[in-house]
Amino acid sequence: MILGPPRVSTSLLVFGLVLLPLCAEAQERGGLLDAPVPAAAPAPTAAAPAEPTLAQPPRLKELVPADLPPGTPFPAPEVQVLLAIDVGVDGGVEEVRLLQGAGAPFDEAALAAARRFAFEPARLTTGEAVPVTVDFRMKITAPPPPPPPPPPPPVRLEGELLERGTRKPLAGVEVLAQDDSGVLARTVTDAEGRFVLTVPATRFSVRALAAGHERLDAPVQAQPGEERSERFYLETVASGFETVVRAETVRREVTRQVIPKEVVALAAGTSGDTIKVVQNLPGVARASFGGGALVLRGAAPGDSRTYLEGQEIPSLYHFGGLLSTFNSALLEAVEFYPGNFAPDFGRASGGVIDVRVRDPATDMLRGHVDVNLYDAGFLLEGPLSETWALAGSFHRSYIDTVLPLFLPEDAPLSFDVAPRYYDYQLLATWKPDPHQKLRLLWYGSMDKIELLFDRPAADPQIRGALQARILFHNLQAAYTSTLAPGLSQETSLQLGIQELRTEIGPEYFFELAVNRVSLRHGWSWDVSSWLGLRAGMDVRLEDVAISLNSPQQPKEGESGAPSSAGTATAVTKDSLLYSPGAFVEVRLQPTAKLLVLPSLRADWYGLIEEWGIDPRLAVRYTLLPRTTLAAGVGLYSQPPAPDEGDPDTGNPALLPERSLQASLGVEQGLGEALELVLTGFYKRLDRLVVRNLAAATDPTAPRFLDSGEGRIYGVEAQLKGQVGPSLTGWIAYTYQRSFRTDRPGEEERLFDFDQPHILTLLGSYALGRGWTAGARVRFVSGNPDTPVVSALWDAGLDVWVPVYGETNSERLEAFWQIDLRVDKTWTFDRWKLAAYLDVQNVTNHGNQEGWSYSFDYRERQALTGLPILPILGVKGEW
C-alpha cells in the first residue's frame, strides 16, 4: 500500500567532506539536494484540477562523517563512494544502497554514515511532504598527518680529551656526536682538551681521532635535557719517525738529523737516553769505551762542539758515555750536524750537536721516577701561575757499587773502576703573551772517579791512587720575542763554571778552573717571500786558571811513553780569554723549489790574536715532490787548544786551524713511510797543530807548529722510517777515510779514529698490550794502532821504554756488538708504570780497545771494553 504521494526519485551530487563544517557550508549554499522544479503550466481554459509536482528536494540537515578505523591506509588522497539514499516523508533515512563502491573499509563506513543522515523532507507544489530517493556521492579525504611531537630538549655534553697515562690535553682534535642517521653535532677541543657538544638526541656515540692515539668511539645514553660531563682517556699508539718538534722553518744544512725523543725512548743500547742515539747516526765514529768523545766525519774529538740551546755545554756525557749529563725527559729534540753547519755556530772545524730543551708542563703537576740497577732519577714539573711554569730534575748513579758484581776477576777487561756521577736541571719559563718568552735554566753535572792501585804498574812512579773529578754548573737566561710580522730576535746569556781535577799518585796532578760568560744575540727578518736576512753575534769571555805537574801528554798520532821516561811540566797561571764572533746570512728563494743561503762568519781568537773569516754557502733544490738535492761548501776555523797557543806552554804565533768542507746529498722518499738519505762529503784540513820535534833539543824553539794537514772523504747512507704500524727504525752505513800529514815531507798516515766501515741497525717493534721489543746491531772497523817493535831498559829510571813502529800501521780487531731491549708498559687513566730490560753487549763479546803490554813489552794481550751490561729498571710517570 502506498500512503501519500508516490516516491520521487532524483539524483543528488554532494560535494563536501566528511567534516561537519562543510555540511553547514553546503546548507548555506541552499542545501545538498538539488532537484529541478517544473515551470507553472498555463491556465487551462477549463477549470480542471492541477497534478501536484515536486517543488522542493530534500535538504541535508546533518552530514555524519565516515568513521574509519585508525591508521586506515588511503589508496589516493580522496576516495569516492556513490550511494542511493531513500529519504522518508519525515526526512529520515529509510534505506541506503551501494551503487559504486571503493572497497573495504570505505564502503561500510559510507553506508553507516549515510544511515545517520537527517534531511528536511521533499515537498510537492501542494506543500505535502513526499518520500524520495536521491543519489549521494560521498567524498572521503585522507586525514592530515598528525603534527610531529615536540623534540626533546637537547643533551649538553661537556668533555675532556686526555692522553691516557699522562693526562696530557689533546688540543685541536675534532669531536663528533653521531648516530645511525649521521653526524648530530661537532666541535674541536681547545688548548686544555675540553669541548662542548649540544646533541639533539639521547642516544649517540662520541667519536674522535687524535694523531698518534687510538680512536675514540664511546656510546652515550642520556635523559632529554640532561647536562653531563665526561672525561675520555686516549691510549697512545706506536708511531714512526716524528716530524721536527722544534726547528727552524728553513733547512740550512746539507745534512741535519733532528731526533725527537719519542723516536729513541725505546731504542736498544741507549738506556732510554735521547742524546746517546747520536752515536748511532751516519758520520759518527765509535769512540773507545771510557772516552765519551765525539768523532764526526773523521774530525778529531776536540774539533766538534756540543751546545744546549745555542750555548756551549762543557761535557755532553758522563764518564764513558754511559749517560748524558742532561735529563732526556726535558729535551725537545737533538739537532745533529756532522758538517757544513750554519753560521750560527763557530770555533769548530768538525761538526755540531745542538740540544733543544722543551718548556715545562703548563696544564698540571706532572713527573716521573726512574730507578734501575745503576742509577735513579726523578722529574717534577707544572704551572706556577698563568704565565710561569717550573720543572726540576735530578739524577744520581750508584754504578760503582753494582758493576763489579758483573765483572769476573779473570775477565780480560780494560776497566776496573766505575764512576759516580750526578746531574740536575732547574727550568722556569715565563710567557706573558704569544709573542715573547723568557726562559731561565740552571743545570750542572759532576763525575768522580777513584782507583786504588793494588800493585805497582810497569811505571814505578804510578802508585798510590788515581782520582779524577769533572764538574760544571751553568746558569742560562734566554729571551725571545716577535717585534713585528716577520721580524724576531733572540738573546741568551750564560754564566758558568767548569772544573777538572786529576791526581795520579803523589806527584802528578792537573787542575783546570774556568769561569765563563757567553752572550748570543740574533735577529731574523723575512723581508719578503723570497728574501730574508739573519744576523747575530756570539761573544765569549773566559777566566782560565790552570795548575799542573804532569808528564807530556801525547797528541793525536803520538804514542805515549812511561811517565818516568818523560819530562814533567809544571805550570801555574791565570789567563783571560776574549773571543767575540759575528755572522750574517741571506736567504734567497727565487722559486718555491730553490733555496740559496750565502753566509759569512767572523771570529776573533784572543789567545793567538788572530781572526777566523769563514764564508759559507748552502743550496737546496726540490727536484720532485719527494726528492730534494742539497749541497754545501764553506770554511770552518777554530783556535788551537789553550796549552798549544799559550805563550808559556805553546806557541802564540799559531794560526787558527781550518777545514774546507764540501758535501752533496739527496733525500728520497720511498713509498709513504720510508726515506733514504745519501750524502757524500770531502774535507781538506790545514794549519793543524803538531808538536815541534826541534823543541826536544832546542829550548828556544816553539813547542808546536801549525804545519799539519789532512784530508777526509766518505759517503753516508741512512734508510729510516716505519714498516707497518709497529716496526720503526733505521739502517745507517758510513764509509769514510781520514788521513793526516804532520810535517812537510812526511808520508801521509791514518787518523787515530779512521774507521772505514760503520754499520748500525736499530729498530723497535710494538708487540701489543704494552709490550715493545728492540734491538741494535753494530759493526765498526777497528781503530788504527801503533805497534811496539822493541823496548830499551833505562837503568837510571829503572823502567823499560818502548820503541814504536810506524804510526798507525796496525789496526785493532773490528768491533761488533748486539744490544736488546724489552719494555712493558701498564697504562692507567692517570699514570703509567713501565718496566724495562736493556741488555748491552748481550753476547758478552770482548771488543778490543787496545793492547796491554808486559813490563818489558815482550808480551801483550788485548784490552777489552764493556762486558755484558744488563740494565733492569722501572719507571712511574704521571
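Residues numbered from 1 in each chain as written. Predicted model: local features only at pLDDT ≥ 70, side-chain atom pairs only at ≥ 80, totals over all residues. Heavy atoms only, no water.

## Some words on the overall build of the protein
- Scanning the protein for helices and strands turns up 5 helices and 52 strands.
- Looking at the 878 residues of the protein, the share that counts as buried comes to 47%.
- Counted over contacts in the protein with a minimum sequence separation of 6, partners at least 24 positions apart contribute 64%. (Helix = DSSP H or I, 4+ residues; strand = E, 2+ residues; numbered from the N terminus. Buried < 20%, exposed > 50% of the residue type's maximum accessible area, 1.4 Å probe, protein only. Contact = heavy atoms within 4.5 Å.)

## Remarks on a nonpolar patch on the surface
- Together, Leu-384, Leu-390, Leu-426, Trp-442, Leu-475, Leu-493, Leu-495, Val-517, Leu-541, Leu-576 and Tyr-578 make up a nonpolar patch on the protein surface, roughly 1,000 Å² of accessible area in all.
- When contributions to the nonpolar patch are tallied by element, the ones reaching two or more residues are strand 30 (487-504) and strand 33 (568-588).
- The residue Leu-384 is located in the loop between strand 25 (375-383) and strand 26 (388-397) in this model. (Patch = residues over 30% accessible without salt bridge, like charges linked within 9 Å, V, L, I, M, F, W, Y side chains within 5 Å. Areas by Shrake-Rupley, 256 points an atom, 1.4 Å probe, with all protein chains shown as cover. Salt bridge = Lys/Arg side-chain N within 4 Å of Asp/Glu carboxyl O.)

## Some words on the pattern of salt bridges
- If you walk through the whole model with that rule in mind, you get 53 salt bridges.
- Residue Arg-534 is joined to Glu-585 by a salt bridge in which the shortest nitrogen-to-oxygen separation is 2.9 Å. In this pair, Arg-534 is assigned in strand 32 (residues 531-551) and Glu-585 in strand 33, connecting sequence segments 51 residues apart.
- Residue classification places Glu-585 among the buried positions, given a relative accessible area of 3%.
- For Arg-821, the salt bridge identified is with Asp-823, shortest N-O distance 2.8 Å.
- Salt bridges sharing common partners tie together Glu-309, Asp-354, Arg-356, Asp-359, Lys-431, Lys-437 and Arg-439.

## Side note on the pairing of strand 46 (residues 799-804)
- When strand 45 (residues 788-794) meets strand 46, the two strands line up antiparallel, connected through 6 bridges. When the bridges of strand 46 are listed, Asp-794 appears paired with Val-799. (Pairing = 2+ DSSP bridges.)

## So, the packing of aromatic side chains
- Taken as a whole, this structure holds 18 aromatic pairs when the rule is applied.
- Three or more aromatic residues link up through ring pairs in this structure, and these residues are Phe-117, Phe-119 and Phe-136.
- Over the ring of Phe-751 we find Arg-740, and its NZ or CZ is 4.2 Å from the ring centre.
- Sitting over the ring of Trp-851, Arg-860 keeps its end group 3.7 Å from the ring centre. (Phe/Tyr/Trp six-rings, centres within 6.5 Å; stacked < 30°, edge-to-face > 60°. Lys NZ or Arg CZ within 6 Å of the ring centre and 35° of its normal.)

## With respect to unusual backbone geometry
- Ala-104 connects to Pro-105 through a cis peptide bond whose omega is 0°.
- Looking at the secondary structure, you find Pro-105 in the loop between strand 5 (93-100) and helix 2 (106-114).

## Focus: the sheet that holds strand 8 (residues 129-130)
- Spatial strand order, 2-7-8: 3 strands in an open sheet with antiparallel pairing. Every other strand in the sheet has two partners, leaving strand 2 (54-56) and strand 8 as the edge strands with one partner each.
- In terms of strand pairing, strand 7 (residues 122-124) meets strand 8 through 2 bridges, oriented antiparallel. Looking at strand 8, one finds that Ala-122 is bridged to Val-130.

## Digging into the sheet that holds strand 11 (residues 174-179)
- Strand order in the open sheet made by the 4 strands is 12-11-14-15, with antiparallel pairing throughout. Both edges of this open sheet fall to strand 12 (182-188) and strand 15 (216-221), since each of them pairs with a single strand only. Adjacent strand axes in the sheet meet at a mean angle of 20°, parallel and antiparallel pairs treated alike.
- Pairing analysis gives 6 bridges linking strand 14 (residues 203-208) to strand 15, with the strands arranged antiparallel. Each bridged residue has a counterpart across the sheet, and for Arg-207 the counterpart in strand 15 is Asp-217. (Axes fitted to C-alpha atoms, helices over the stretch in contact; angles between N-to-C directions.)

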